[in-house]
Amino acid sequence: MEYATFKNTGDKKIPAIVTVGNRSTPVWAQAEWTDGEYYKVINGSGCGHTCVAMALRLMGVEDIDPHKEYVHCRSLWEAPKKTGDERTNQYAFLSVSGVEKVINSYGVTAKAYGVEKNGIQKAVSHMIEALKNGKVVVFDSVANFPDNPFSSGAHYVLLCGITEDNKILVANSGAKGKLDYPGINLVGSEDLEKAMIDDTIVSDMTWGQIIPVKEKYGYVIVG
């Protein structure tokens, strides 16, 4: 197993670099993103797009960043419906099914999973096993404040791997979580359990969602 490591940069836009073996990715801070026509989307609802870009980097796709990934999504689907301010447009959020589809479109293997009723511990074990096998996990954490360690609201983070001291290294593009270091959470399996919901079926539509509408929450194993 290749251990995951990180280093902080002191830079606001890219506060950390994560490395697993010979692969690495910047950890972009959404709130500091200012590049491109759709920068407001990355600022306000871009955690999924940022996580996809980081996951692709760790899978060897080098010419990618959150804005390029978002533009690519617009080529896969019609532009998301506007419901007001771009920064808070729920229809720009990627569903877990959308995350799977966009990663697959880059030629990288990805599979989305919902969480069965009473299946949280099983799901966490599944994710940790994937990390030990060199994969990464795009994890859709739920709004379960104050227990959710990653954010005060629903938020995507990227589980990058296992550290030498057996922590799960998490790249977090947001600024509202209980960060251990800029851009980084170091957590145990119990923290993932706090941030997960089971048996979720929702009625709202998010960008890239596969019909029938289900599995908005969950996780995507990449690699």
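The structure this text deals with has already been given above.
The rules behind these values
- Residues numbered from 1 in each chain as written.
- Predicted model: local features only at pLDDT ≥ 70, side-chain atom pairs only at ≥ 80, totals over all residues.
- Heavy atoms only, no water.
- Helix = DSSP H or I, 4+ residues; strand = E, 2+ residues; numbered from the N terminus.
- Buried < 20%, exposed > 50% of the residue type's maximum accessible area, 1.4 Å probe, protein only.
- Contact = heavy atoms within 4.5 Å.
- Areas by Shrake-Rupley, 256 points an atom, 1.4 Å probe, with all protein chains shown as cover.
- Salt bridge = Lys/Arg side-chain N within 4 Å of Asp/Glu carboxyl O.
- Pairing = 2+ DSSP bridges.
- Axes fitted to C-alpha atoms, helices over the stretch in contact; angles between N-to-C directions.
- Core = buried A, V, L, I, M, F, W, Y, C linked by side-chain atoms within 4.5 Å.

1. Regarding the overall build of the protein
Item 1. Scanning the protein from N- to C-terminus turns up six helices and nine strands.
Item 2. By the burial criterion, 52% of the 223 residues in the protein qualify as buried.
Item 3. Long-range contacts, defined as pairs at least 24 residues apart, comprise 61% of the intrachain contacts of the protein with a sequence gap of at least 6.
Item 4. Accessible area of the protein: about 10300 Å², with a carbon and sulfur share of 47%.

2. Regarding unusual backbone geometry
Item 1. Positive phi, close to 70°, is recorded for Asn-166, a residue that is not glycine.
Item 2. Here Asn-166 shows up in the loop between strand S6 (155-162) and strand S7 (168-171).

3. Here's the deal with the pattern of salt bridges
Item 1. Summed over the entire model, instances satisfying the criterion amount to three salt bridges.
Item 2. Lys-13 serves as the salt-bridge partner of Asp-35, at 2.5 Å between the closest nitrogen and oxygen. Pair noted here: Asp-35 is in the loop between strand S3 (23-27) and helix H1 (39-45) and Lys-13 is in the loop between strand S1 (4-8) and strand S2 (16-20), with a separation of 22 residues, a long-range link.
Item 3. Residues Asp-63 and Lys-68 are paired through a salt bridge, measuring 2.5 Å at the closest nitrogen-oxygen approach.

4. Some remarks on the sheet that holds S1
Item 1. Judged by pairing direction, the sheet is antiparallel, and its three strands sit side by side in the order S1-S2-S3 without closing on themselves. Each having just a single partner strand, S1 and S3 make up the two edges of the open sheet. Pairs of neighbouring strands in the sheet enclose a mean axial angle of 20°, with direction left out of account.
Item 2. Sheet topology places S1 next to S2; five bridges connect them, and they run antiparallel. Bridge pairing links Lys-7 to Ile-17 in S2.
Item 3. Packed onto the sheet, helix H2 (residues 47-58) meets S2 and S3 and runs at close to 160° relative to S3.

5. Structural notes on the sheet that holds S6
Item 1. Pairing in this open sheet of six strands is antiparallel, and the strands run S4-S9-S5-S6-S7-S8 from one edge to the other. Edge positions in the sheet fall to strand S4 (110-113) and strand S8 (184-187), since each of these pairs with one other strand and no more. Each neighbouring strand pair of the sheet contributes to a mean axis angle of 25°, computed without reference to strand direction.
Item 2. With five bridges joining them, strand S5 (residues 136-141) and S6 adopt antiparallel strand pairing. The residue bridging Ser-141 from the neighbouring strand is His-155, located in S6.
Item 3. The strands touched by helix H4 (residues 96-105) are S4, S5, S6 and strand S9 (218-222); relative to S4, the strand with the most contacts, the crossing angle is about 175°.

6. Quick word on the pairing of S6
For a regular strand, side chains alternate in direction, first toward one face of the sheet and then toward the other.
Item 1. A large share of S6 lies buried, amounting to eight of its eight residues.
Item 2. Here S6 runs beside S7; their pairing, made up of four bridges, is antiparallel. Paired with Ile-162 across the bridge in S7 is Ile-168.
Item 3. Turn length for the S6-S7 hairpin, with the two strands adjacent in sequence and antiparallel, is five residues, and the turn residue Asn-166 shows positive phi of about 70°.

7. Concerning the nonpolar core
Item 1. In this structure, Val-99, Ile-103, Val-138, Leu-158, Val-220 and Val-222 are the most contacted members of the largest nonpolar core, which totals 41 residues.
Item 2. When residues in this core are grouped by element, the largest group, eight residues, is from H2.
Item 3. Apart from residues no more than four positions distant in its own chain, Val-99 is found in contact with Val-52, Leu-94, Val-138, Tyr-156 and Val-220.
Item 4. In terms of nonpolar packing, the next biggest core, distinct from the first, is built from 22 residues, Ile-120, Met-127, Phe-139 and Val-187 among them.

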